[in-house]
Amino acid sequence: MNWFAKLFKKLFSRTAVCVIGILFQLAYLMSVFWTLGTYYTYSYLIFEIIGILLTIYIISSEMNPSYKIAWIIPILVFPVFGVMFFLFFGNSGSKNGIFLRMSEFNEEERRLLPQNRELLDSIYADSPVIGKQASYLFDYGGYPVYTNTEVFYFPLGEDKFEVLAEELRKAEKFIFLEYFIIREGIMWNTILDILEKKASAGVDVRVIYDDMGCLMTLPFNYCEKLEEKGIRCKAFNKFRPIWSSKMNNRDHRKIVVIDGHTAFNGGINLADEYINERERYGHWKDSAVMLKGEAVRSFTVMFLTMWNYLSDIKHDCCDGFLTQNEDISCRKGGFVIPFTDSPSDSEPVGENVYLNIINNAEKYVYITTPYLIIDNEMTSALTLAAKSGIDVRIITPHIPDKWYVHAVTKANYKKLVRQGVRIFEYTPGFIHAKNFVSDDSTAVVGTINLDFRSLYLHFECATWLYKAECIPHIKEDFLDTLEKCREITVDDCLSVNIFTRIGRTLLRLFAPMM
């Protein structure tokens, strides 16, 4: 009976139900194609006309040029498939219902985060280039610059986990967690035990997780299970087995806020592979930062804005959670800007921050990223910096988590390496860290990958740093990691057989859809 119960549980699990739902839709689409074949001449002509109209719409839209090409090719070459696929997945821009509703909450967010003009002026006095970056992040991202914030860098998930558990145990008023992936295991079970005890002691504990990201890791209606433990919970964009462009937009952020004075940010999700308690793709290399001080205010507002959106509360009083910073007297040097990037405003804040660092580098730019699926603007910036004498180095994984994404990453190697960009693969396993560090003065640590999903489709967040005391540690971690890497040469790129090259080239055409 035990094996029967396990089989029954698997057959009627959340994942199985979703897969069955998708298969039914695929079967329906196949029947549509079959029916259209009966009236091929007329139906094909109709779809060709629709395809031409969609192409005109795409060309005139504000989409990234690479994203446009990726849609135009299948629409014109395979009109029936391309048109229907675009209608399902392509129209995930800032005009859909989710984003229009989200914009109302973004306005409230901006009200709660004013900019200290004297502080901004002091950055301009120190460096006009950095001042312009800070102004951009406030004017177009809505996030101000802070000082009086101590930032600690964690080069591994294990390091963050130990400190995170310690800080959670100190919480007295509230704990906010927002994650893309939560997986039951040593890491999450340890944290959950702390959260449950804190909730029973009267601490306001709230959790947000992305339902798509947790499709394979959490059971159905997991929010209800947490609510039973006294933990308030919301799932972002609840997954339903229906093809929809809404599934393209995911909450990829990783945020912890404790009592308004401590925050965590970075690439590390709440799952055992991130702390190397579970091996999936060799050794998992990730990173994170902990903030203590005034800049935590922005992460508090980020979380509450998303919480209010998911709760459909337009005028929740956030001020009660923001007064905690008034007693903080952390007098550390450097400037800090926590920021978020949202697909709801058509402003690629994350990509522009990265481009600004590359374009203004004077000596070096060191990058770690799990994916290297970049558009023409990013490619041009990286190669121009390298050709201008800037030491540009990028670390990517040697063992991939997704073979097709890694194939596109490798497809970008040849052009970059030929132009002087040095690329290294982390041979022990998988790099999941998303770090930029430049000229010993500027750095970004966060959730923003160098791929189209992170830069255009997902809700992301990161911590921008200037002259912070942790920046040498970020650089040191990069150089230490290099010792475990293998450099990619032009010969490596040319030695690939013709079939692999063709396959990578074809995948690269559709990179914006991955």
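These notes cover the structure that comes with them.

Definitions and limits used
Residues numbered from 1 in each chain as written. Predicted model: local features only at pLDDT ≥ 70, side-chain atom pairs only at ≥ 80, totals over all residues. Heavy atoms only, no water. Helix = DSSP H or I, 4+ residues; strand = E, 2+ residues; numbered from the N terminus. Expected span 1.5 Å × (residues − 1). Contact = heavy atoms within 4.5 Å. Buried < 20%, exposed > 50% of the residue type's maximum accessible area, 1.4 Å probe, protein only. Polar contact = N/O pair within 3.5 Å; in protein donor to acceptor, adjacent residues only side chain to side chain. Right-handed = clockwise from strand over helix to strand, strands pointing away. Pairing = 2+ DSSP bridges. Core = buried A, V, L, I, M, F, W, Y, C linked by side-chain atoms within 4.5 Å. Axes fitted to C-alpha atoms, helices over the stretch in contact; angles between N-to-C directions. Phe/Tyr/Trp six-rings, centres within 6.5 Å; stacked < 30°, edge-to-face > 60°. Lys NZ or Arg CZ within 6 Å of the ring centre and 35° of its normal. Parallel < 35°, antiparallel > 145°, perpendicular 65-115°, else oblique. Nonpolar A, V, L, I, M, F, W, Y, C, P; charged D, E, K, R; others polar.

**Thoughts on helix 9 (residues 157-169)**
Every α-helical turn comprises 3.6 residues, leaving residues that sit three or four positions apart pointing alike.
Here comes step 1: Between the first and last C-alpha of helix 9 there are 18 Å, a value that for 13 residues agrees with the 18 Å anticipated at 1.5 Å per step.
Here comes step 2: On its buried side, helix 9 packs onto strand 1 (149-154), strand 2 (174-179), helix 10 (186-200), strand 5 (255-258), strand 6 (262-266) and strand 8 (288-293).

**Here we look at helix 15 (residues 376-387)**
Here comes step 1: Along its 12 residues, helix 15 runs 16 Å from first to last C-alpha, staying within 8% of the 16 Å computed at 1.5 Å per residue.
Here comes step 2: Every buried residue belonging to helix 15 is among Met 378, Thr 379, Ala 381, Leu 382, Thr 383, Ala 385 and Ala 386, and all of these are buried.
Here comes step 3: Taken together, the buried residues of helix 15 touch helix 14 (349-359), strand 10 (364-368), strand 11 (391-397) and helix 17 (413-418).
Here comes step 4: One side-chain oxygen of the residue at the start of helix 15 lies 3.3 Å from the amide nitrogen of Glu 377, identifying that residue as Asp 375.
Here comes step 5: Backbone geometry just after helix 15 places Gly 389 at a positive phi near 95°.

**Topic: the pairing of strand 3 (residues 204-210)**
The two faces of the sheet receive side chains in turn, since in a regular strand these alternate between them.
Here comes step 1: Counting buried residues along strand 3, seven of its seven residues qualify, which places the element largely inside the surrounding structure.
Here comes step 2: Residues Asp 204, Arg 206, Ile 208 and Asp 210 of strand 3 are buried on one face, and the alternating residues Val 205, Val 207 and Tyr 209, pointing to the opposite face, are buried as well.
Here comes step 3: With respect to chirality, the unit in which strand 2 leads through helix 10 into the neighbouring parallel strand 3 is right-handed.
Here comes step 4: Here strand 3 runs beside strand 4 (residues 232-236); their pairing, made up of five bridges, is parallel.

**A short note on the nonpolar core**
Here comes step 1: In this structure, Phe 339, Leu 382, Phe 436, Trp 464 and Leu 465 are the most contacted members of the largest nonpolar core, which totals 94 residues.
Here comes step 2: In terms of residues, this core owes the most to one element, helix 12 (residues 296-311), which gives nine residues.
Here comes step 3: The residues touching Trp 464, leaving out its near neighbours within four places in the chain, are Ile 130, Gln 133, Leu 137, Phe 335, Val 336, Ile 337, Phe 339, Val 353, Thr 442, Ala 443 and Val 444.
Here comes step 4: In this structure, Ala 165, Val 205, Leu 218 and Tyr 281 belong to the second largest nonpolar core, which totals 50 residues.

**As for the sheet that holds strand 17 (residues 485-488)**
Here comes step 1: Here eight strands make up an open sheet; going across it, the order is 9-16-15-14-10-11-12-17 and the pairing mixed. For this open sheet the edge positions go to strand 9 (335-341) and strand 17, each flanked by a neighbour on one side alone. The sheet shows a mean angle of 20° between the axes of neighbouring strands, direction not considered.
Here comes step 2: As judged from the five bridges shared by strand 15 (residues 442-446) and strand 16 (residues 460-466), these two strands associate in the antiparallel manner. Bridge assignment links Val 445 to a residue of strand 16, and that residue is Thr 463.

**A closer look at unusual backbone geometry**
Most peptide bonds take the trans configuration, and most residues that are not glycine carry a negative phi.
Here comes step 1: We note that Asn 221 has phi near 55°; this positive angle belongs to a residue other than glycine.
Here comes step 2: Within the secondary structure layout, Asn 221 lies in the loop between strand 3 and helix 11 (222-228).
Here comes step 3: The phi angle at Asp 440 is positive, at roughly 60°, despite the residue not being glycine.
Here comes step 4: Residue class for Asp 440 comes out partly exposed when judged on its relative accessible area of 47%.

**Examining the packing of aromatic side chains**
The geometry of an aromatic ring pair is captured by the separation of the ring centres together with the interplanar angle, meaning the angle of the planes.
Here comes step 1: Applying the stated rule across the entire model yields 18 aromatic pairs.
Here comes step 2: Feature note: the residues Phe 174, Phe 176, Phe 303 and Trp 307 constitute an aromatic cluster, connected by ring pairs.
Here comes step 3: Looking at Lys 234, its charged tip hangs above the ring of Trp 307, at a distance of 5.9 Å from the centre.

**Concerning the sheet that holds strand 2**
Here comes step 1: Strand order across the open sheet formed by seven strands is 1-8-6-5-2-3-4, with mixed pairing between neighbours. The sheet terminates laterally at strand 1 and strand 4, the two strands that pair on one side only. Taking each pair of neighbouring strands and ignoring which way they run, the sheet shows an average axis angle of 10°.
Here comes step 2: The sheet strands contacting helix 9 are strand 1, strand 2, strand 5, strand 6 and strand 8, and the helix crosses strand 6 at an angle near 155°.

**Points about the packing of helix 8 (residues 128-141) against helix 14**
Here comes step 1: For the pair helix 8 and helix 14, interaxial distance at closest approach is 11 Å and the crossing angle is 170°. In terms of orientation, helix 8 lies roughly antiparallel with respect to helix 14. Across the interface between the two elements, Gln 133, Tyr 136, Leu 137, Tyr 140 and Gly 141 of helix 8 pack against Val 349, Asn 352, Val 353 and Asn 356 of helix 14.
Here comes step 2: Of the residues assigned to the contact of helix 8 with helix 14, the class counts are five nonpolar, four polar and no charged.

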